[in-house]
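# Residue-level structural notes
Here is how the chains run, residue by residue.
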Amino acid sequence: MKIRLAMLASGRGTNVANFIEYFKIHELIEVALVISDQPEAEVLKRAAKTAIPHLLIRREQWKDTELVLGIFRQNAIDYIILAGFLSKIPAYLLAEYPERVFNIHPALLPRFGGKGMYGLNVHKAVLINGENQSGITIHLVNEEYDEGHVVFQAQCTVEPNETPESLAAKVQQLEYQHYPRVVEQLVLHQAL
Ligand code: GAR
């Protein structure tokens, strides 16, 4: 049996699509489940076009320990991968998956992280602060937003004429390039 990833996303789900493509013919790892907390999220529509099971767990339902753990156990999930997921991961789920929940943040943590730092807000903050570098951070998830152990960072240059949208596009390219590969390495390393 392959190592099974659950992907959690609230928005467009381009990283989820990239993972699905990356692991499509992988021998050891598969994207086994896509979960969103937003009924209208594009990620659910994307997943519906694939053979991968997808479901909605509404924001208020994450409090329901039995319901949520039941879903993860029934689907035999080994790792949880966040890709633009807005709800907080509850403590009981972190306890069930120690060192097995990963997130990507579209900036160089520990700066430009925390509550409300999501999507374009992050890139606007980087530009307002006059930074000449930004990038991505892949980290373990703990109970605080964006504060878990950092496992990987990659940088890009912020040009003088950069807009939040152009920076977002640049950062997303780094995400597509690195996130599945870094998760693959971490998971296979832990499995050995
Ligand atoms: C990604 O850029 C991810 O880094 C960011 O949300 C975007 C989701 O894009 N995550 C955060 O801001 C977390 N604080 P996608 O839905 O197209 O994959």
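The notes below deal with the structure included here. Just so you know, these numbers come straight off a predicted model, no measurement behind them.

## Re the side chain of Asn-103
- Along the chain, the position of Asn-103 falls in strand β5 (residues 101–105).
- Leaving out residues up to four positions away in the same chain, Asn-103 has contacts with Leu-82, Thr-137, Ile-138, His-139, Val-141, Asp-146 and Tyr-179.

## Observations regarding the site of the ligand
- Not every one of the 13 residues close to the ligand is listed here, only the nearest: Gly-13, Thr-14, Asn-15, Met-117 and Glu-175.
- In this structure, an oxygen atom belonging to the ligand sits 3.2 Å away from a main-chain N or O atom of Gly-119.
- In isolation the ligand exposes 450 Å². Once the protein is present, 92% of that is buried.
- For the shell around the ligand, the secondary-structure elements that each account for two or more residues are α1 (14–22), β5 and α6 (164–191).
- Each residue belonging to the shell around the ligand can be placed in one class, and the counts come to four nonpolar, seven polar and two charged.

## Considerations on the packing of aromatic side chains
- Counted according to the given criterion, the structure contains six aromatic pairs.
- Judged by centre distance (4.9 Å) and plane angle (80 degrees), the rings of Tyr-22 and Phe-23 are edge-to-face.
- The exposure class of Phe-23 is buried, given its relative accessible area of 2%.
- With a centroid separation of 6.1 Å and 10 degrees between ring planes, the pair formed by Tyr-79 and Phe-102 is classed as stacked. A residue pair is termed long-range when its members are at least 10 positions apart, and Tyr-79 in strand β4 (residues 79–82) and Phe-102 in strand β5 qualify at 23 residues.
- The exposure class assigned to Tyr-79 is buried, which follows from its relative accessible area of 3%.
- What makes Phe-102 buried here is its relative accessible area of 1%.
- Each residue in the set Phe-19, Tyr-22, Phe-23 and Tyr-179 is aromatic and connected to the rest through ring pairs, giving one cluster.

## Structural notes on the nonpolar core
- In terms of nonpolar packing, the biggest core is built from 39 residues, with Leu-5, Val-16, Phe-19, Val-31, Val-34, Ile-81 and Tyr-179 touching the most fellow members.
- In terms of residue count, the dominant contributor to this core is α6 (seven residues).
- Not counting residues within four places of it along the chain, the set of residues in contact with Val-16 comprises Met-7, Ala-9, Val-34, Val-43 and Ala-83.
- Core analysis: the next-biggest nonpolar cluster, separate from the first, contains 22 residues, Leu-8, Ile-35, Leu-69 and Tyr-97 among them.

## Comments concerning the packing of helix α5 (residues 120–128) against α6
- Running from amino to carboxyl end, α5 crosses α6 at an angle of 110 degrees, the nearest separation of the two axes being 9 Å. Taken together, the axis directions place α5 and α6 in an arrangement best described as roughly perpendicular. Note on packing geometry: the crossing formed by α5 with α6 is right-handed. Facing Leu-120, His-123, Lys-124, Val-126 and Leu-127 of α5, the residues of α6 in contact are Pro-164, Glu-165, Leu-167, Ala-168 and Val-171.

What counts as what
- Residues numbered from 1 in each chain as written.
- Predicted model: local features only at pLDDT ≥ 70, side-chain atom pairs only at ≥ 80, totals over all residues.
- Heavy atoms only, no water.
- Helix = DSSP H or I, 4+ residues; strand = E, 2+ residues; numbered from the N terminus.
- Contact = heavy atoms within 4.5 Å.
- Near = heavy atom within 4 Å.
- Polar contact = N/O pair within 3.5 Å; in protein donor to acceptor, adjacent residues only side chain to side chain.
- Areas by Shrake-Rupley, 256 points an atom, 1.4 Å probe, with all protein chains shown as cover.
- Nonpolar A, V, L, I, M, F, W, Y, C, P; charged D, E, K, R; others polar.
- Phe/Tyr/Trp six-rings, centres within 6.5 Å; stacked < 30°, edge-to-face > 60°.
- Buried < 20%, exposed > 50% of the residue type's maximum accessible area, 1.4 Å probe, protein only.
- Core = buried A, V, L, I, M, F, W, Y, C linked by side-chain atoms within 4.5 Å.
- Axes fitted to C-alpha atoms, helices over the stretch in contact; angles between N-to-C directions.
- Parallel < 35°, antiparallel > 145°, perpendicular 65-115°, else oblique.
- Left-handed = near helix turned anticlockwise from the far one by under 90°.

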